[in-house]
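Examining the three-dimensional arrangement
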Amino acid sequence: MSTVKAGLRYSEDHEWLDTAVTPARVGVTAIAVEALGDVVHLELPEAGTELAAGDPCGEIESTKSVSDLYAPATGTVVEVNQAVLDDPALVNEDPYGAGWLFTVEMSAEGTLLSAEEYLERNGGELA
Amino acid sequence: MSQDTPENTSQDIPETASPRLTALHAVHESLGAHFTDFGGWQMPLKYGSELAEHRTVREAAGLFDLSHMGEVRATGPAAGAFLDHALVGRLSAIAVGKAKYSLICAADGGIIDDLIVYRLAEDDYLVVPNAGNAPIVVAALEERAAGFDVTVHDASAETSLLAVQGPHAAAILLSLLSTEDAARVGALKYYSCARATVAGHRALVARTGYTGEDGFELFVDNDVAPALWAALAEAGQGSGLIPCGLACRDSLRLEAGMPLYGNELSREVSPYEAGLGGVVALGKEGDFVGRTALQQQRDDGVGTTSGRRLVGLQGLGRRAARSHYTVLRDGSPVGEVTSGLPSPTLGHPIALAYVPVDLSEPGTRLDVDLRGRPEPFEVVALPFYRRQR
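What comes next concerns the included structure. (Residues numbered from 1 in each chain as written. Chains lettered and ligands numbered in written order. Predicted model: local features only at pLDDT ≥ 70, side-chain atom pairs only at ≥ 80, totals over all residues. Heavy atoms only, no water.)

1. A short note on the overall build of chain B
Note the cut-off: The helix count covers DSSP runs of H or I at least four residues long, the strand count covers runs of E at least two residues long, and both are numbered beginning at the N terminus. Each radius of gyration is computed over the set of C-alpha atoms, and the globule rule expresses the reference value as 2.2 Å times the number of residues to the power 0.38. Buried residues are those whose accessible area, probed at 1.4 Å on protein chains only, stays under 20% of the maximum for their type, while exposed residues exceed 50% and partly exposed ones sit between those limits. Working rule for contacts: check all heavy atoms of both residues, and any pair within 4.5 Å makes them a contact. Reported accessibility uses the Shrake-Rupley method at a 1.4 Å probe radius. Residues are deemed covered only where the shown protein chains occlude them. Working convention for charge: Lys and Arg count positive, Asp and Glu count negative, and His plus the chain ends are omitted. For charged residues, the charge sits on one atom: NZ in Lys, CZ in Arg, CG in Asp, CD in Glu.
Per the secondary structure count, chain B includes nine helices and 20 strands. Taken over the C-alpha trace, chain B has a radius of gyration of 21 Å; the compact-globule value for 389 residues is 21 Å, and the two agree within 12%. Across its three principal axes, chain B shows a C-alpha extent of roughly 60 × 50 × 45 Å. The proportion of buried residues among the 389 residues of chain B is 59%. Taking contacts inside chain B between residues at least 6 apart in sequence as the whole, the part at least 24 apart equals 66%. Carbon and sulfur atoms make up 50% of the accessible area of chain B, which amounts to about 15,100 Å² in all. Seen as two clouds, the 33 positive and the 48 negative side-chain charges of chain B have centres 6 Å apart.

And the structure:
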């Protein structure tokens, strides 16, 4: 069963935001990864890009389909995970860890859910 | 994150309220399969990673449950003549023990389904339509049988179909046969079939498949399917065989340049547009359903000098085209993608698309509108992938 990691903030579009670190870190949830299948290509915003919460900011290409990635927060992209660009399978293998996507210097959160609220809507198990 | 394209395995086929289950459903559940609705059936989409399943079929072997496919028997003295009338090919000319790819068309030439026809005996044929189309094909065959000394029997409900596909498929299957059967089955050419006893179970074994690899398809009675699956899985353990779902079946067939009904083929498509003109036997004797329309299309050069044609596209960037995306030439819409994905074997995006015939030559540069951004593609010869022999 797909896990929902405690302590993170979640968008309805299945991104997670870790505000416990600075800059905040962004990724996609295990539930999203499960639905996508094997991720083969990522289009991520470059460092310095200004994000507006809720706006599309990238793409996740899987064998099956392609999905838009939405900014979970307003702010400036600080760092992009080069490892995940080189090996998109990291998103499948470790969505909350090595498969993180980028970090953002946040000025405001978007409309986000707690882990418990996200779990309630999407199922899975808290870890 | 939101997905804006349907998965490739969903087709424009009406789903029944409660999907049908194959005789292997409990086996799939025990293997932890992810299921999908396909042509009215609940079928395994994948068991683990669809990429791993794809690669395993290319490098070792995969085991598929294809029991959703239809099986229709046409038997009787006029079975060959009947199929010559009902389908676009010259089926009466198939040698016993051979198979042929064919089409069933409407009177206007539109494709009702693509199918494989096996000649089991002089007056005994097996027709295999696609899952979602099987009821339509059965109805059309029954209607077209009028006036012929033939019996049409829909055996889909009592028949299971398993496939072993990949470079190790032959060794795995032959290990389950008697010496005598192994010699016969091992000598089967592509698109041939023979009856054999596989791990003690009577089966019709055909050297056919939809993956671009060597392999076999095994037609058996439903009650035999679980035991046969178990025997094949065990026999393949040392060769790396794994169960495979419809997700990798779709990526495998696309690499092999094979059309999928509902994507490349439909009632709105002419065989000539689909590059299947060679399947239409206008030279055969007697009338057949669709002849007048198809003759006219051929005379008009549909798919060769006029209209549109199905082509292969190779992505020059990393982003993949998907079904229904618009093909552009100098910014103007000229065609539509029918299937597309990132090719696991080739490492770049591949797609099939309908484009005007004057843009169908390999080397032609086109773009595909990928959600508002044009991405460069080039027309390439099909298939995208051909196995080493």
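2. Focus: the layout of surface pockets
Residue and element names in this part refer to chain B. We count it as follows: Site definitions follow a grid-based scheme: protein atoms alone, a 1 Å grid, a 1.4 Å probe that fits but cannot get out for cavities, and for pockets an open set with protein on both sides within 12 Å along at least five of seven lines, plus lining residues having an atom within 4 Å of a point. Grid points are joined across faces, edges and corners, and a volume is the space filled by probe spheres set on the points. Under this grouping Gly is polar, as are all residues other than the nonpolar Ala, Val, Leu, Ile, Met, Phe, Trp, Tyr, Cys and Pro and the charged Asp, Glu, Lys and Arg.
The calculated volume of the largest pocket comes to roughly 1,000 Å³. As for the largest pocket, its lining consists of 44 residues, and the residues nearest its centre are Tyr 101, Ala 256, Gly 257, Met 258 and Pro 259. The set of elements that each furnish at least two residues to the lining of the largest pocket consists of strand S7 (111-121), strand S13 (215-221), strand S15 (308-315) and strand S20 (373-380). Residue classes in the lining of the largest pocket are distributed as 28 nonpolar, seven polar and nine charged.

3. Some words on the sheet that holds strand S9 (residues 73-80) of chain A
All names here are of chain A. For clarity, the cut-off: A pair of strands is labelled paired if DSSP reports no fewer than 2 bridges between them.
Sheet architecture is open: six strands sit in the order S2-S3-S4-S10-S9-S6, paired in antiparallel fashion. At either margin of the open sheet sits one strand with a lone partner, and together these are strand S2 (9-10) and strand S6 (50-51). Relative to strand S4 (residues 24-28), strand S3 (residues 15-18) runs antiparallel, the two sharing four bridges. Residue Trp 16 lies in a different strand from S4, and its bridge partner there is Gly 27.

4. As for the environment of Val 21 of chain A
Residue position: Val 21 of chain A is located in the loop between S3 and S4. Separated by 48 residues in sequence, Val 21 of chain A and Leu 69 of chain A have C-alpha atoms that sit 21 Å apart.

5. Concerning the sheet that holds S7 of chain B
Residue and element names in this part refer to chain B. Where we set the bar: Axes, fitted as lines to C-alpha atoms, cover a helix only where it is in contact. Angles between the N-to-C directions of the axes lie from 0 to 180 degrees.
Here we have five strands laid out as an open sheet, ordered S6-S7-S8-S5-S9, and antiparallel in their pairing. The open sheet terminates on both sides in strands that have one partner only, identified here as strand S6 (99-105) and strand S9 (151-154). Pairs of neighbouring strands in the sheet enclose a mean axial angle of 25 degrees, with direction left out of account. When strand S5 (residues 72-75) meets strand S8 (residues 124-128), the two strands line up antiparallel, connected through four bridges. Bridge assignment links Arg 73 to a residue of S8, and that residue is Leu 126. Sheet strands in contact with helix H4 (residues 134-144) are S5, S6, S7, S8 and S9, and its direction is about 85 degrees off that of S6.

6. Re the interface of chain B and chain A
Note on interface size: it is often stated as the accessible area lost on association of the parts. In plain terms, the rule: What gets called buried area is simply the loss in accessible area from a 1.4 Å probe that two parts show on being joined, summed for both. Salt bridge criterion: a side-chain nitrogen from Lys or Arg within 4 Å of a carboxyl oxygen from Asp or Glu. Pairs of N or O atoms are called polar contacts if they sit within 3.5 Å, as long as, within protein, a hydrogen donor faces a hydrogen acceptor (for residues adjacent in sequence, only side-chain-to-side-chain pairs).
Contacts between chain B and chain A engage 23 residues on the former and 24 residues on the latter. Taken together, the two surfaces of chain B and chain A that pack against each other cover about 2,000 Å², and 44% of this comes from carbon and sulfur. Taken together, chain B and chain A are joined by four salt bridges. Residues Glu 43 of chain A and Arg 373 of chain B are paired through a salt bridge, measuring 3.4 Å at the closest nitrogen-oxygen approach. Taken together, the links from chain B to chain A amount to 15 residue pairs in polar contact (both at pLDDT 80 or more). Within the residue set of the side of chain B that touches chain A, elements represented by two or more residues are strand S1 (2-3), helix H2 (50-59) and strand S17 (332-342) of chain B. When residues of the side of chain B that touches chain A are assigned to their parent elements, the largest contribution, three residues, is made by H2 of chain B. Residue classes in the side of chain B that touches chain A are distributed as eight nonpolar, six polar and nine charged.

7. A short note on the packing of aromatic side chains
Our working definition: Here a Phe, Tyr or Trp ring, Trp counted by its six-membered ring, pairs with any other such ring whose centre lies within 6.5 Å, and the pair is stacked when the planes are under 30 degrees apart, edge-to-face when over 60, and tilted otherwise.
Applying the stated criterion across every chain, the model contains five aromatic pairs over all chains. Consider the rings of Tyr 10 of chain A and Tyr 118 of chain A, whose centres lie 4.7 Å apart with planes at 15 degrees: the pair is stacked. Of this pair, Tyr 10 of chain A sits in strand S2 while Tyr 118 of chain A is found in helix H4 (residues 115-122), placing the two residues 108 residues apart along the sequence. According to the relative accessible area criterion, Tyr 118 of chain A is buried, its value standing at 0%. Measuring from centroid to centroid gives 5.6 Å for Tyr 118 of chain B and Phe 219 of chain B, while their planes differ by 75 degrees, and the two rings are edge-to-face. With Tyr 118 of chain B in strand S7 and Phe 219 of chain B in strand S13, this residue pair connects regions lying 101 residues apart in the sequence.

8. What about the pattern of salt bridges?
Should the charged atoms of two oppositely charged side chains come close, the side chains can pair. All names here are of chain B. Applying the stated criterion across every chain, the model contains 17 salt bridges over all chains. Across the pair Lys 46 and Glu 50 runs a salt bridge whose closest N-O atoms are separated by 3.3 Å. For Lys 46, a relative accessible area of 9% puts it in the buried group. Accessibility expressed as a relative area gives 5% for Glu 50, which makes it buried.

9. Topic: H2 of chain B
Residue and element names in this part refer to chain B. Within H2, seven of the ten residues are buried, leaving the element largely enclosed by the surrounding structure. Along H2, the residues classified as buried are Glu 50, Leu 51, Glu 53, His 54, Thr 56, Val 57 and Arg 58. Sitting at the head of H2, Ser 49 places a side-chain oxygen 3.2 Å from the backbone nitrogen of Leu 51.

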